[in-house]
Protein chains: 2
Amino acid sequence: MIKITFPDGAVREYQEGVTGMEVAKSISEGLARKVLAVKINGEVWDATRPLTSDATINLLSWDDADGKSTFWHSSAHLLAEAVESIYPGVKFWVGPPIEKGFYYDMDLGGTSVSEDQLRDIEKKMIELSRQGNAYIRKEVPKAEAIQYFSEKGDEYKLDLLKGLNDGQITFYTQGNFTDLCRGPHIPNTGLIKAIKLTSVAGAYWKGDEKNKMLTRVYGVTFPNQKELDEYLQMLEEAKKRDHRKLGKELGIFTTNDDVGQGLIMWMPNGTVIIEELEKLAKETESAAGYKRVVTPHIAKENLYLTSGHLPYYADSMFPPMEMDGEKYYLKAMNCPHHHKIFDAEPKSYRDMPYRIAEYGTCYRYEQSGELFGLMRVRCLHMNDAHIYCTKEQFAEEFKAVNDMYIKYFKIFGIGKYVMRLSLHDPEKLGQKYVNEPALWLETEAMVRQVMIEAGVPFVEVKGEGAFYGPKIDVQIWSAIGREFTLATNQVDFAQPLRFNLSFTNKDNQAETPLIIHRAPLGTHERFIGFLLEHYAGKFPTWLAPLQVKILPISDKFADYGKEVLAMLLKAGIRAEMDDRNEKIGKKIRDTELMKVPYMFVIGEKEMNERMVAVRKQGAGDQGTKDISEIISNLKLEIEERH
Amino acid sequence: MIKITFPDGAVREYQEGVTGMEVAKSISEGLARKVLAVKINGEVWDATRPLTSDATINLLSWDDADGKSTFWHSSAHLLAEAVESIYPGVKFWVGPPIEKGFYYDMDLGGTSVSEDQLRDIEKKMIELSRQGNAYIRKEVPKAEAIQYFSEKGDEYKLDLLKGLNDGQITFYTQGNFTDLCRGPHIPNTGLIKAIKLTSVAGAYWKGDEKNKMLTRVYGVTFPNQKELDEYLQMLEEAKKRDHRKLGKELGIFTTNDDVGQGLIMWMPNGTVIIEELEKLAKETESAAGYKRVVTPHIAKENLYLTSGHLPYYADSMFPPMEMDGEKYYLKAMNCPHHHKIFDAEPKSYRDMPYRIAEYGTCYRYEQSGELFGLMRVRCLHMNDAHIYCTKEQFAEEFKAVNDMYIKYFKIFGIGKYVMRLSLHDPEKLGQKYVNEPALWLETEAMVRQVMIEAGVPFVEVKGEGAFYGPKIDVQIWSAIGREFTLATNQVDFAQPLRFNLSFTNKDNQAETPLIIHRAPLGTHERFIGFLLEHYAGKFPTWLAPLQVKILPISDKFADYGKEVLAMLLKAGIRAEMDDRNEKIGKKIRDTELMKVPYMFVIGEKEMNERMVAVRKQGAGDQGTKDISEIISNLKLEIEERH
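The structure presented is a predicted model; accordingly, all values stated were derived computationally and were not measured.

Draft legend 1. Molecular detail of the packing of helix α5 (residues 142–152) of chain B against helix α6 (residues 155–162) of chain B. All names here are of chain B. Contact geometry for α5 and α6: axes closest at 8 Å, N-to-C directions at 160°. Taken together, the axes of α5 and α6 lie roughly antiparallel to each other. Considering the relative orientation of α5 and α6, their crossing is left-handed. Listed contacts from α6 to K142, A145, I146, F149 and S150 of α5 are K157, L158, L161 and K162. For the contact of α5 with α6, a count of residues per class yields five nonpolar, one polar and three charged.

Draft legend 2. How the structure looks around the packing of aromatic side chains. For the structure shown, the criterion picks out 59 aromatic pairs over all chains. Measuring from centroid to centroid gives 6.3 Å for A:Y354 and A:Y388, while their planes differ by 55°, and the two rings are tilted. Note that A:Y354 is positioned in strand β20 (residues 354–363) and A:Y388 in strand β21 (residues 379–389), a separation of 34 residues in sequence. Ring geometry for B:W62 and B:F71: centres 5.0 Å apart, planes at 70°, overall edge-to-face. B:F71 carries the same exposure label as B:W62, and that label is buried. An aromatic cluster of three or more residues is present, and its members are A:W62, A:F71, A:W72, A:F222 and A:Y231.

Draft legend 3. View of the sheet that holds strand β30 (residues 575–577) of chain A. All names here are of chain A. Spatially, β30-β29-β31-β32-β33 is the arrangement adopted by the five strands of the open sheet, whose pairing is mixed. The outermost strands of the open sheet, each flanked by one partner alone, are β30 and β33 (620–626). Ignoring which end each strand starts from, the neighbouring axes of this sheet average 25° apart. Across three bridges, strand β29 (residues 548–552) lies against β30 in parallel orientation. Looking at β30, one finds that I550 is bridged to M577. Here helix α16 (residues 558–570) sits on the sheet in contact with β29, β30, β31 (598–602) and β32 (611–616), set at roughly 170° to β30. Packing of helix α19 (residues 627–639) onto the sheet brings it into contact with β29, β31, β32 and β33, and relative to β33 it is tilted by some 120°.

Draft legend 4. Quick peek at empty space enclosed by the protein. Under the counting rule described, the total for this entry stands at two cavities of 30 Å³ or more. Each pocket or cavity is described by its volume, and for the largest cavity that value is around 620 Å³. Listed by contribution, the elements that provide at least two residues to the lining of the largest cavity are α9 (268–287) and β20 of chain A together with α9 (268–287) and β20 (354–363) of chain B. A breakdown of the residues in the lining of the largest cavity according to their chemical character gives nine nonpolar, 13 polar and ten charged. There is about 30 Å³ of room inside the second largest cavity.

Draft legend 5. Focus on the pattern of salt bridges. All names here are of chain B. A complete count under the given rule lists 96 salt bridges over all chains for this structure. K91 is paired through a salt bridge with E155; the nearest N and O atoms lie 3.2 Å apart. In this pair, K91 sits in strand β6 (residues 91–92) while E155 sits in helix α6, placing the two residues 64 residues apart along the sequence. In this structure, the salt-bridge partner of R119 is E115, at a minimum N-O distance of 2.4 Å.

Draft legend 6. Up close: the domain arrangement of chain A. Here the domain parsing of chain A yields domain 1 (2–61), domain 2 (66–231), domain 3 (253–535) and domain 4 (548–639). Its C-alpha centre places domain 2 of chain A at a distance of 41 Å from the equivalent point of domain 3 of chain A.

Draft legend 7. Structural view of helix α13 (residues 437–454) of chain B. Residues and elements named next belong to chain B. Over its 18 residues, α13 runs 26 Å from end to end, which matches the ideal 26 Å to within 8%, given 1.5 Å per residue. Looking only at α13, the buried set comprises W440, T443, E444, M446, V447, V450 and M451. Taken end-on, α13 shows its buried residues confined to a sector of 155°, consistent with a single buried face. For α13, the exposed residues lying more than 90 degrees away from the buried face are A438, L441, I452 and E453.

Draft legend 8. Just the packing of helix α12 (residues 391–411) of chain B against α13(B), in detail. Residues and elements named next belong to chain B. In contact at an axis separation of 10 Å, α12 and α13 are set at 50° when each is read in the N-to-C sense. Classified by the angle between their axes, α12 and α13 sit oblique to one another. For α12 against α13, the interelement crossing comes out right-handed. Along its contact with α12, which presents K391, F394, A395, F398, K399 and N402, the element α13 presents E442, M446, V447, V450, M451 and A454. When grouped by side-chain class, the residues that make up the contact of α12 with α13 number eight nonpolar, one polar and three charged.

Procedures and definitions
Residues numbered from 1 in each chain as written. Chains lettered and ligands numbered in written order. Predicted model: local features only at pLDDT ≥ 70, side-chain atom pairs only at ≥ 80, totals over all residues. Heavy atoms only, no water. Axes fitted to C-alpha atoms, helices over the stretch in contact; angles between N-to-C directions. Helix = DSSP H or I, 4+ residues; strand = E, 2+ residues; numbered from the N terminus. Parallel < 35°, antiparallel > 145°, perpendicular 65-115°, else oblique. Left-handed = near helix turned anticlockwise from the far one by under 90°. Contact = heavy atoms within 4.5 Å. Nonpolar A, V, L, I, M, F, W, Y, C, P; charged D, E, K, R; others polar. Phe/Tyr/Trp six-rings, centres within 6.5 Å; stacked < 30°, edge-to-face > 60°. Buried < 20%, exposed > 50% of the residue type's maximum accessible area, 1.4 Å probe, protein only. Pairing = 2+ DSSP bridges. 1 Å grid on protein atoms, 1.4 Å probe; cavity = no way out; pocket = protein on both sides within 12 Å on 5 of 7 lines; lining within 4 Å. Points joined across faces, edges and corners; volume = space filled by probe spheres on them. Salt bridge = Lys/Arg side-chain N within 4 Å of Asp/Glu carboxyl O. Domains from an automatic or database assignment. Expected span 1.5 Å × (residues − 1). Arc of directions from axis to C-beta.

Below you can see the structure in the form of structure tokens.
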């Protein structure tokens, strides 16, 4: 008998050789039907692989990231099986799962794949899925594997084999298809019920342009049709909401080759949004007792040697400027500058917590191929702040930051979010993590305690902490269900020591503070990119670059329009008048294209009665309103950030 | 007879050989007494030098920069005469006028000069001044000059002579002192009535540290004692108001060696001032129809090759960062980025004028020896904007910018200012100035017309225009009478062409706009440095980092103090409470040191009556006031920027 330990700590005994699936069935048949793979002692296994000694077990379903990943990996094999049956002689390179779906790189001997042919392959995959063939694992000696692929004439798999040691080699077979594969896989093809091959692209073998161009087929699969339909609909909607497309149409941002890739230039409309976000941040931070600072964008090499960012982080930084025998770097983070401000005047316990905030602009090097709209850029405006506090103050300060996140989520209508408590990995102390095992455990416990007491839903992830301490990573979902990593709330017990920061405590002794790094609104770039998709460009009134457009039906009403405009501007409302000599229908359509929240249409009746006919974005005609009344309503809507 | 033309265009005839002084006397004896030198055909001459042909004349007095400069140059000779009489055998190097006064470098053969000895030299100078000796010019052949200084054993003057051609050499003698000197000089030593030798320093011969160290004596002189006394008092006051000293004491800014010289880090108190200035600028600019943009701090080399800043301006820029085979530069100005934003969307006459503003941060290389507090820095936050307009719109736009300057001057209590209309120099077209002679004349005329119509006092200066067009340089004087160069308002007809900018005019043709570059508040660095001196750190309430300090007389009143504090904060007033266990006298003194505009002292009586005892910075006790009343007064004072 072997002992199997469940996630809740329960231990059960099973016969040696029992499989994960049998363990699941021993609990419930319903549960077993959902099992895609299992995690044995932290490693993902086939649910059908026999267990030979005591182990911990986690049953993995579609709801687990590892479950999805296994499902898509098996889907890649199903794709390969279908392709082989249609294109005999095809040779395969690799077929991994990706963030959403999977792909397989294949050598079709020069044949190209059309859209129609993609649909044929899909049909074949469905047919093979219905056969419900099991994925069967087989360990083979290296010599046997070499012989198998030599006979097949498959130079790609032979190349893969070169890198593997004897004893490491496994084959997986489903139906008539066998592949060299480390696994793991789902129990059988029948679980893959909904299939969509999304695109075909060329991909150089091993990513090297000197090599042969292979065919890469991308796909995505689901355990049921409903999820696939929803996903395709989301993609369709996401295309409409593409932040690059909306960003251009709405005059939010631009880039220019002479300035450089990944260097966003914020146009007037985007700058309004930036200023509204900064206003929100400043109000919120001021109420929470933060002070503001302004620091330069460069510093000498020595600052980053002290912080430890150099030489380790150099690849993510811009190259240095050499001047007067010194190297100057563009800052990739604001913390070292802020530490110097903390240190510029002596501090006592009366000054703590010392909270300093800055919308600091940082520069990070990203490969040009990685750059993407506002999501991956080289210049970032960061909603940054650093809180220097005593250990006793830590819990309250850390909780206050989490509360600030949640306050922001409410304002932006972000209903779905997850906080990931990212911890260190004890095996990587001194490499990926500062070698302070006791401090790691202590601060992790403090953070965990804060999260539990705050009642915030969170998950723990080992091995994703920052270099200098544990952190909370915040993931949010846009209105159409796409996931974004927003921001972090990090503890830092390492930098205060490196920078020799201290304050005089009540006993008149020098004491080292803790630091909290936080950026609830992330960067302007990523957050505004998110908001463009989230709102589909239809910003709430307080954020909208233009809040009201006045549309006179004809020239006759332009003077009254100007009067209304002046009243709006005086009330601090962003307004313009469309005084072009165009039909009112065209004026309305043009204003709708620019997604302006309010239109005030004015004609004879409105002028005579000193009213405006109000049309609201997404809600249509609101009837005729008294000017002062609508202005005071608008002011309230803007002030309360509805 | 020769014809002499006066500045007002009048022409008079004089005997050949007449001197400038005689010309002055022919107009009025009173006028002649003020003449220090004359400008003949644009060149400064001794007033006693005979005129041998037709010429234009300008009489130079103490009120002219060239008059002052000549006066101080002659004062340097007077210093030398005094030194020679006290230290026989002294040898002299050079003795030029400087911005405020003069110096003379001398070889005293190892003798040092004490403070007492400086006073002795001063006395001797006064004595020699009273002799009223004329400065006598004598042209000498080079051989004679060499013989004279060889006999004297003066290797310094012999060295100077090496660089001069025969026919160029003049001696100047006053009393017993003769010097090799190009001149010109004032008529006689008697005009130098008030003398102060300010300091002694070491200076390497020819500025080369391998050479001998000479003694440099600095001094300043005036035509009367009153002006000297005022100047010395201003220096004393300036020392107290030194922006570096106040900046540190008031927590305005700091620098750090690890960050780098000339890179200002704005502390929380300085950042409040920055944000208030930016708020003022944004309000003002928004009301004037500007839109805002945000651009990155770097760009590729090509942008600056297009603008023409590279290679000519490279010495003033930071060195490039080389990345992905491209050179990236920190921006030294915002214009090229703004031009790209103008160009990002097609423009029509309906979009003009297109005004975009940004508090852009620029980086400029200054020699480390030139760096000085906030006045000379390497990182500048600039109150920048660019106005793209048609020729027809130019005058109105340019005038609006000048009006904005004057509006700001009123807010900051800047009573004395001068606008300098800086023009091109036709001889330097194609070198220092874009080679567009017609456009220069046209735009200069436009600007002159605007200035005349606006009735703003201005002076014209040839050869100080920007590379790309004429400009207005604005000089302002602080409360203690020190002069600062603040900002510029520039016309640009060159960059629109270089960047190929255009808009579609009413005739549906592409037309090139004019650009106005303007920065009325200059840079945060220089302007806040100016304000620190101007206000002696006692900022008006709207700008003060901390506006109200609440001082409870004892712990008993702390709760009431907190209540008052909460009311102030709710009203948006920057307030703090001093809840230390200290005597009220000490609390008041500490608050005065931080130059907080208002103190609310609270004790038994105030608590019971829900009042506060108000002390105002510089005005003392204001009596006891009702809380709501004082809060609404304060809000008004802040809102109106009194």
